[in-house]
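# Geometric and topological summary
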Amino acid sequence: MLDYKDYYMLSLLSHSYQPLSVDDLSRMVGVSRRSIYYSLNKINDFLESHDIPKIENHRDEGLSLFDDTKSFFKYDMHQDLSEVYVYTQKERIAIEIVLFLINQKQLGIIDFEELFLVSRNTVLSDMKELRKEIIRFHLTLEYDNGNGYYIAGSPIRTRSVLLYIYSSYTYLFKINRFDLYDEELVDTVLMKFKEIEEALSVSYVIETKETLAKMLATVKKNTLNPIIFQEEDKKILEESLEFMIVKQFFSDLFDVEEIHYITLHLMGLRVHTSHELESQDDAYIKKLVNFMVKRFKDLTLIDLQDEQVLCEGLYFHMKSALIRYKYGIIYENELKEDLKEQYKAIYQISERIAKEMEDMIGHPINENDIAYMAMHFGAHLKRERSELTFPKVLLVCLNGVATSKMLRKELEFLLEHIEIIDAVSLDEVEVYADQVDYIITTIPLDLKDYEQKTIFVSPLLTSIDRDRLYKIFNNVHQGMEFEVLKKNIVEKLEKNYSHELAKDVWHIIEKEFQKKSNKLQFVRGKDQPMLNEVITEDKILFKDHVKDYKEAIYESGKPLLDEGIIEERYLEKVISNIHEMGPYIVVAPNIAISHARPEDGVHELGMSMLMLNEAVNFSEDKDRYVKLVVTLAAPDEESHLKALGQLSELFMNSMEEIMNCKTKDDVLKLINQYSI
Amino acid sequence: MKKIIAICGSGLGSSFMVEMNIKNTLKELGVAVGLGDMEVDHMDLGSAYPGVADLIVCGKDLEDNVERFGETLVLNNIFDKAELKTKLETVLKEKGVI
């Protein structure tokens, strides 16, 4: 599946008369060079599978498309991006927040349904997530009866979040699809920035300029409320070098409040050389720094030697960072991509600490700043010569593909502190075995040399597996002590009190420990809708007869197909599975559950139901007659389980009733009965 | 006998239903389920391998595909509790579990 970035990159290439270099594209799309290469491979695979000439890469010149390819894309790409492309929930929410924040008009569920071509339920789920996301930044989603939703909050928060989204999702807002700003004004502002750069003899990072220009044009077009600065802040701004120049160039376009705002951002861009813009709240900064260092120690289990040095570094960083967070000032970190790559583990941990800090300070922290945090931690560890590495893990399964992919997802969720090197089949194990710390396998390995580091699990982790893995990886440090402690307590109790008491205490401890590892499983079980939330009225169909089982499968899946919950290839896969493995989806006389796997073209959770008056045979040589076809679309391994469990209860206990249903209401009544 | 696995084509749908039913049936038969007792799980055909469990439960149209992985219990109707109970009881008695 091509994503938005890929499409955007294709549209740039198809509209360009000259070859574009990877650097050009990286700048224009607003992502790293690495992701450009990654996109390039994806696009070429896509082109190849459609028998269209691939993207050409001329050394020294850059990338270009053949004319054939160009004409193929030129026609529909730009305008039809919306129709071709399915936004991810994260992307939708980013766009939704922006549309709310610019507040052109209040928006209802239906507006988003049309904009993204998704279902009402999808939009409702977006709103739920969005609410959670913005509340951290002290913004709230309000509902005005009759008029729809809007976001309420102070201009400072509004703008910092808007700027944060503009800079984090650059590619989504490259094409002015949502009419957020006047493109001409963006160009004008950019020209003025250029003149300011000359006047001050500085140069700003181009991405920052573009984001800022877009932000200012958005402010202007939508007349966003200005930030009113406090007197002392105003004084600092007006005394700065930038203020006079900004005033000179921007007075014709913006009011004095915006002149302050622009000044603030330009000052922010040289913040590491100036001390004018710094938070003075020492106690608060120290509190934050202590929090960061403590969390870092908790998460890495590293005992820092020279903690004071690290604290000082972070203290000076936070002094200026706090102001940046508050106003959403962008702060480019050119090493960001390298840091992410080289200090992967530290970056991940910094990211997590930053998330926790966002909740404390109520402002978003962007990737650039996270990278700076990672630099501080990374540099400090280097100084101490202690290395932070996650245990390296190799996955092994029968064919090295399907199972391990699932397993990988599950492991990454379960264990935060591991690095999965690769997933391989049995034959390739020895190639990697020496380089890894652990081998997690779903098939018994007969390799004596690696016995010590081999962990044998079931492909779908059982609770025993989870428990064991959790103990091995997460409690390596505390695990042993815990066992010893437990033993000592129980022995003492037994000696001084009674055997019974000791036994009871033992049970309590075991239970509490169990709870701790079960907690992980609860997280996994979140958001499982009930049967009546999945099978709604529009998902139930009645039909007198169909000509064969293929038609039955298509008819039954049609509501899901129409809503974009599944792709057509999902139903094709069901049919080809039947060819290969037989009519196994006929799970009981008269009942078929038509389904394939998440990766066969499922976008979200859905179920639909076809009731036939005349039974149809699902097999050519056996009697596999079916009157009720349920199409199940599961986007992952978990989210459908509650609904499916309820459906299963229904079939077990009310088989006759469901087969005798004549109307949608009859069916819904039964469904509701089991949705508890 | 320690482990029972329900298998279906995709590992998402019917095998999960069967897993639930097996667990309930085991409880009715007085067999403890879970950690250190009888383990019950579900998976897809592609993830299975010989010796994956002591007993594999599947719907009748997967029988030919599943047999090679070990002892198999085949269900005509995966929603029929009586069928499951009778067949499971027989196997468990044979193995001396109950």
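Residues numbered from 1 in each chain as written. Chains lettered and ligands numbered in written order. Predicted model: local features only at pLDDT ≥ 70, side-chain atom pairs only at ≥ 80, totals over all residues. Heavy atoms only, no water.

## Description of the overall build of chain B
This is how the line gets drawn: Segments assigned H or I by DSSP are reported as helices when at least four residues long, segments assigned E as strands when at least two residues long, and all are numbered from the N terminus. Under the scheme applied here, a residue whose accessible area is under 20% of the maximum for its type counts as buried, over 50% as exposed, and between as partly exposed, the area being computed with a 1.4 Å probe on protein chains only. The contact rule is simple, with two residues in contact once any of their heavy atoms fall within 4.5 Å. The method behind every accessible area is Shrake-Rupley, applied with a 1.4 Å probe, and residues are considered shielded solely by the protein chains displayed.
Within chain B, the secondary structure is distributed over three helices and four strands. With 98 residues in all, chain B has 56% of them scored as buried. Taking contacts inside chain B between residues at least 6 apart in sequence as the whole, the part at least 24 apart equals 56%. Just so you have it, chain B exposes about 3,800 Å², and 46% of that area is on carbon and sulfur atoms.

## Some points on the overall build of chain A
Helix and strand counts for chain A come out as 30 helices and 13 strands. Taking all 676 residues of chain A together, the buried fraction comes to 51%. Long-range contacts, defined here as pairs at least 24 residues apart, represent 69% of the contacts in chain A between residues at least 6 apart. When the accessible surface of chain A is totalled, it reaches about 33,500 Å², and 49% of it is carbon and sulfur.

## Brief notes about the interface of chain A and chain B
Cut-off, in case you're wondering: Buried area is a sum: the accessible area each of two parts loses on coming together, probed at 1.4 Å, counted once for each and added. The term salt bridge refers to a pairing of a side-chain nitrogen on Lys or Arg with a carboxyl oxygen on Asp or Glu at a separation within 4 Å.
Listed by partner, the interface residues are 43 residues for chain A and 32 residues for chain B. Between chain A and chain B, roughly 3,000 Å² of surface is buried when both sides are summed, and carbon and sulfur atoms account for 64% of that area. On the chain A side of the contact with chain B, Met-581, Val-587 and Met-652 of chain A bury the most area, a combined 18% of that side's loss. Where chain A meets chain B, there are two salt bridges. Residue Arg-624 of chain A is joined to Asp-61 of chain B by a salt bridge in which the shortest nitrogen-to-oxygen separation is 2.7 Å.

## Concerning the packing of aromatic side chains
All names here are of chain A. Heads up, the rule is: Between 30 and 60 degrees the pair is tilted, below 30 it is stacked and above 60 it is edge-to-face, where a pair is any two Phe, Tyr or Trp rings, Trp via its six-membered ring, whose centres lie within 6.5 Å. In our convention, an over-ring charge means Lys NZ or Arg CZ found within 6 Å of a ring centre and within 35 degrees of that ring's normal.
A complete count under the given rule lists twelve aromatic pairs over all chains for this structure. Judged by centre distance (6.3 Å) and plane angle (10°), the rings of Phe-112 and Phe-116 are stacked. Of this pair, Phe-112 and Phe-116 both sit in helix α7 (residues 109-116), separated by four residues, roughly a single helical turn. Joined through ring pairs, the aromatic side chains of Phe-100, Phe-112 and Phe-116 make up one cluster. Directly above the ring of Phe-254 sits Lys-220, whose terminal nitrogen or CZ lies 5.3 Å from the centroid.

## A look at the nonpolar core
The condition is simple: In this description, a nonpolar core means a group of buried Ala, Val, Leu, Ile, Met, Phe, Trp, Tyr and Cys residues linked to one another through side-chain atoms lying within 4.5 Å.
Phe-173, Phe-193, Ile-196 and Phe-250 of chain A are the most contacted members of the largest nonpolar core, which totals 93 residues. Membership of the second largest hydrophobic core comes to 51 residues, among which are Ile-540, Leu-647 and Phe-651 of chain A together with Leu-55 of chain B.

## Quick look at the pairing of strand β13 (residues 625-633) of chain A
Residue and element names in this part refer to chain A. For clarity, the threshold we go by: Two strands are said to pair when DSSP picks up at least two bridges between them.
Of all nine residues that make up β13, seven are buried, and the element is covered over most of its length. Two elements, strand β11 (residues 590-594) and β13, share five bridges in a ladder whose sense is parallel. Bridging across to β13, Ile-591 finds its partner in Leu-628. As paired elements, strand β12 (residues 606-617) and β13 share eight bridges and run antiparallel to each other. Looking at the pairing, Gly-606 lines up with Ala-633 of β13.

## With respect to the environment of Leu-63 of chain A
All names here are of chain A. Mapped onto the elements, Leu-63 comes out in strand β2 (residues 62-64). Distance in space between the C-alpha atoms of Leu-63 and Leu-40 is 9.7 Å, their sequence separation being 23 residues. Among all residues touching Leu-63, those that are not within four sequence positions of it are Leu-13, Pro-19, Leu-20, Val-22, Leu-25, Leu-40, Ile-55, Glu-56 and Asn-57.

## Some words on helix α2 (residues 22-29) of chain A
Residues and elements named next belong to chain A. The test is simple: Each C-beta atom gives one direction from the helix axis, and the arc is the one those directions make.
Taken together, the buried positions of α2 are Val-22, Leu-25, Ser-26 and Val-29. On an axial view of α2, the arc spanned by its buried residues comes to 100°, and they lie on one face. The inward-facing, buried residues of α2 abut α1 (4-15), α3 (33-49) and β2.

## Overview of the environment of Leu-73 of chain B
Tracing the chain through its elements places Leu-73 of chain B in strand β4 (residues 72-75). Residue classification places Leu-73 of chain B among the buried positions, given a relative accessible area of 4%.

## Details of the side chain of Lys-214 of chain A
As a reminder, the rule being used: We treat Lys and Arg as the positive residues and Asp and Glu as the negative residues; His and chain ends play no part in the count.
By secondary structure assignment, the location of Lys-214 of chain A is in helix α11 (residues 206-221). For Lys-214 of chain A, which is buried and forms no salt bridge, the nearest opposite charge comes from Glu-210 of chain A, at a distance of 5.8 Å.

## Some details on the confidence of the model for chain B
To keep things clear, this is the line we draw: Residue-level confidence of the predictor is what pLDDT reports, using numbers from 0 through 100.
Chain-level statistics for chain B give a pLDDT mean of 87 and a share of 99% at 70 or above. Reported confidences for the modelled complex are a pTM of 0.45 and an ipTM of 0.82.

## Notes on the sheet that holds strand β10 (residues 586-588) of chain A
Residues and elements named next belong to chain A. Quick note on the threshold: Axis definition: a line fitted to C-alpha atoms, over the contacting stretch in the case of helices. Angles run 0 to 180 degrees between N-to-C directions.
With respect to topology, five strands assemble into an open sheet ordered β9-β12-β13-β11-β10, the strand pairing being mixed. Looking at which strands have only one partner, the edges of the open sheet turn out to be β9 (540-543) and β10. This sheet shows a mean twist of 25° between the axes of neighbouring strands, independent of strand direction. The pairing of β10 with β11 spans two bridges and is antiparallel. The residue of β11 that forms the bridge with Val-586 is Ala-592. This element, helix α30 (residues 664-674), spans β9 and β12 of the sheet and lies at about 140° to β9.

## Focus: helix α9 (residues 155-168) of chain A
One turn of the α-helix equals 3.6 residues, which is why residues spaced by three or four share an orientation. All names here are of chain A. What counts, and what does not: Expected helix span is given by 1.5 Å per residue-to-residue step, counting one fewer step than there are residues.
The end-to-end C-alpha distance of α9 is 20 Å, a good match for the 20 Å that 14 residues give at a rise of 1.5 Å each. Taken residue by residue, α9 has Arg-157, Thr-158, Arg-159, Ser-160, Val-161, Leu-162, Leu-163, Ile-165 and Tyr-166 as its buried positions. In the core, the buried residues of α9 are packed alongside α6 (89-102), α11, α14 (256-268), α16 (307-327) and α18 (344-361).

## As for the sheet that holds strand β1 (residues 3-8) of chain B
Residue and element names in this part refer to chain B. Reading across the sheet, the four strands line up as β2-β1-β3-β4 and stay open at both edges, with parallel pairing between neighbours. Only two strands of the sheet have a single partner each, and these edge strands are β2 (39-44) and β4. Within this sheet the neighbouring strands show an average axis-to-axis angle of 25°, counted without direction. Here strand β3 (residues 55-59) pairs with β4 via four bridges, running parallel. When the sheet's bridge partners are listed, Gly-59 is paired in β4 with Leu-75. Against the sheet, helix α3 (residues 81-94) makes contact with β1, β3 and β4, and its axis sits at roughly 165° relative to β4, the strand it touches most.

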